[in-house]
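# Coordinate inspection notes
Take a look at the letters that make up each chain.
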Amino acid sequence: MTIEKFIGSELRRKYDDIWPIVRLVLYHLDTTGKVGIMGLDGEWREQGSFRSKLVCPIRFIAYQWHRLFSVQKPGPSIYLSNSMLRIDRYTGLLEELYENYNIISPFSWSDINRETFLKKNDLQKKIYQSRQLYFGKSVSGQCVKTHVERIYDLFFELLSKNEVCNDRYEYVDRSLQMLQSAVNERIDEIVPRLKERQVSCFITINERNIQDVLIILACRRAGIWTKELSHQQNCMFNLVRYDDKRFFDDNAKMYSATHESCQWSEPDKEFCIKYNVFDAVYNDFRISVVGCPEVTEKEYLINNKKYTKEDAMVIFVPSVSYFMERRNKEAFGISQGAMQRVLGATEIIYNQVAKIAKERQMKVYIRYHPHEPIAIIEAEKELVDALGFESLTTREDFVKAVCSCKVAIGYITSAFDSVLLYGGKCYALILGEKEQYDFCGLGVQRIRPNEILNITLENCNEDGVVHSIDINQLCTYPQI
């Protein structure tokens, strides 16, 4: 079934102004559900409680006090979504943004209880001082949240009964009408606050949540440019769809209501266009290239001077939790027995690398995925130590490894971008017969575990496809 068939052409036209919200609900029906829709939007689980009723007035008073002492540069401002501020890999990017632009973000109650931490972290203090937008308990507000939840439950019920919206047209129409009223009322409240703070551009890294979509709709009404900075390398993904149980045929595409999607490299942009990656809500959607957000030019110059190339290799270990989240394991071409082997200690890969390291006197770094279960790391520790590999635990360890290594082996990982940026070679592991990739010239080579002994270590990558992020390009916006 397609989304158009489920909604029906009449309802689609009638509620065109809130289609980004409706499409958001449909996008999440068979992915992360209500939790994904709500994202980081305030105290969703505390609504109606005595505490939330008490905190709201206190929060507003604290916000008014905060505004008096907050620092704001004159002129237009760049509005960063909360999602941007939670990525620790973007510390350098955030530092330079705050140094060169008037950055603002939403104020939240949790910020005023962090004085001890703020004294130790200048960047967090800058972020705290930039919280100059107040939307109440949350961006979306209780009324919008309530109607979004009801629409979600209604759509899910229809699909579970193999029905479409036209089968219960009047009830669906009435529900969408209430959502429309709540959304437009909330946008009317948001727009003046954006104008008051002279917002000229809104940037997020994840627009697939209710608060960001509402801000995008409000920005569009106010004539403000909106962007989503991609937080992944799109051309690293498997071309074969791993989940055939989606409700809608077109729901695998990345939903987008922004004006612009900012990709890390030209290969990423080429991949998005070539494979029609986005389900763009508006026809003014464009794709640009801004560079790798994990490395600024300033960081690149410092790190290049600090670390020199050495005979070293990095293994980016595929996360066990990554595989466990995939509902249709067979789509990877991996049987249950083989899956156990992949999810175990990756001993075959380690032993192959150990042979190369011994033959060529190379240092080997092991970098586990940030979400790797601690139990797996501990279970592998004896093997890793016995092979003489060095485990990377801190961000500084990671930077040292990607700068100094000549070769990196991994699965689907954005860490390849940093390796390529610093001139290393990358080999992507192919773990299943059905996997298909098109890196679109990224400079990554495919390799199976039993082919590791054939890799070459000379002639590091110098194709220049990957660049550090261009902050001016990221913050460039047209007048609309």
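See the structure printed just above.
First, a word on scope: everything that follows refers to the structure included in this document. (Residues numbered from 1 in each chain as written. Predicted model: local features only at pLDDT ≥ 70, side-chain atom pairs only at ≥ 80, totals over all residues. Heavy atoms only, no water.)

### Examining the overall build of the chain
This is how it is decided: Secondary structure is summarised from DSSP: a helix means a run of H or I of at least four residues, a strand means a run of E of at least two, and numbering begins at the N terminus for each. Buried, partly exposed and exposed residues are distinguished by accessible area as a fraction of the type maximum, computed with a 1.4 Å probe on protein chains only: under 20%, between the cut-offs, and over 50%, respectively. Between two residues, a contact is recorded if the distance between any of their heavy atoms is within 4.5 Å. With residues, only the protein chains shown are counted as cover, and all accessible areas are computed by Shrake-Rupley using a 1.4 Å probe.
Assigned secondary structure in the chain consists of 21 helices and 17 strands. Here the chain, with 480 residues, has 54% of them falling under the buried criterion. Here the contacts in the chain between residues at least 6 apart in sequence split such that 79% fall between residues at least 24 apart. Approximately 22,100 Å² of the chain is accessible, and the part contributed by carbon and sulfur atoms is 50%.

### Here's the deal with the nonpolar core
Threshold: To qualify as a nonpolar core, a set must consist of buried Ala, Val, Leu, Ile, Met, Phe, Trp, Tyr and Cys residues joined through side-chain atoms within 4.5 Å.
Core analysis: the largest hydrophobic core is formed by 63 residues, its most contacted members being Met313, Phe316, Val353, Phe389, Val444 and Ile455. Non-local contacts of Ile455, meaning those with residues more than four positions away in its chain, are made with Met313, Ile356, Arg360, Val407, Ile409, Tyr427 and Ile447. In terms of nonpolar packing, the next biggest core, distinct from the first, is built from 55 residues, Ile18, Leu24, Leu154 and Leu214 among them.

### So, the sheet that holds strand β7 (residues 260–263)
The cut-off we apply is this: Pairing between strands is defined by DSSP: at least two bridges between them are needed. Simply put, an axis is a line fit to the C-alpha atoms, just over the touching stretch for a helix, and the angle between two N-to-C directions goes from 0 to 180 degrees.
Strand order in the open sheet formed by seven strands is β3-β2-β1-β4-β5-β7-β9, and the pairing between neighbours is parallel. The sheet is open, and its two borders are formed by β3 (131–133) and β9 (286–289), each paired with just one other strand. Averaged over all pairs of adjacent strands, the angle between strand axes in this sheet comes to 35°, irrespective of strand direction. Across four bridges, strand β1 (residues 77–80) lies against strand β4 (residues 199–204) in parallel orientation. Paired with Tyr79 across the strands is Phe202, a residue of β4. In the packing of helix α13 (residues 266–274) onto the sheet, contacts are made with β7 and β9, and the angle to β9 comes to roughly 160°.

### Digging into the packing of helix α17 (residues 347–360) against helix α18 (residues 374–387)
Spelled out, the test is: Here the word oblique covers every angle except those under 35 degrees (roughly parallel), over 145 (roughly antiparallel) and from 65 to 115 (roughly perpendicular). When residues are grouped by polarity, Ala, Val, Leu, Ile, Met, Phe, Trp, Tyr, Cys and Pro land in nonpolar, Asp, Glu, Lys and Arg in charged, and all others, Gly among them, in polar.
Close contact between α17 and α18 brings their axes to 11 Å; oriented N to C, the two are set at 10°. Looking at the two axes, α17 sits roughly parallel to α18. Every residue of α18 that contacts α17 at Glu347, Tyr350, Asn351 and Ala354 is listed here: Glu380, Leu383, Val384 and Leu387. When grouped by side-chain class, the residues that make up the contact of α17 with α18 number five nonpolar, one polar and two charged.

### Concerning the pattern of salt bridges
Note the following rule: The term salt bridge refers to a side-chain nitrogen of Lys or Arg lying within 4 Å of a carboxyl oxygen of Asp or Glu.
Inspection of the entire model under this criterion finds 17 salt bridges. For the salt bridge of Arg208 with Glu228, the shortest nitrogen-to-oxygen distance reads 3.1 Å. Here the residue Arg208 occupies a position in the loop between β4 and α12 (210–222), and Glu228 occupies one in strand β5 (residues 225–229), the gap between them amounting to 20 residues. The residue Glu396 makes a salt bridge to Lys306 at a minimum N-O spacing of 3.3 Å. Of the two residues, Glu396 is situated in helix α19 (residues 395–404) and Lys306 in helix α14 (residues 297–306); the sequence distance between them amounts to 90 residues. Given the relative accessible area of 39%, Glu396 is considered partly exposed. The exposure class assigned to Lys306 is exposed, which follows from its relative accessible area of 51%. Residues participating in the shared-partner salt-bridge network are Arg89, Glu294 and Arg395.

### Section: the pairing of strand β2 (residues 103–106)
Here two bridges tie β1 to β2, and the two strands are oriented parallel to one another. Of the residues in β2, the one forming a bridge with Ile78 is Ile103. Judged from the two bridges that link them, β2 and β3 form a sheet pairing that is parallel. If you follow Pro106 over to β3, its bridge partner there is Leu133.

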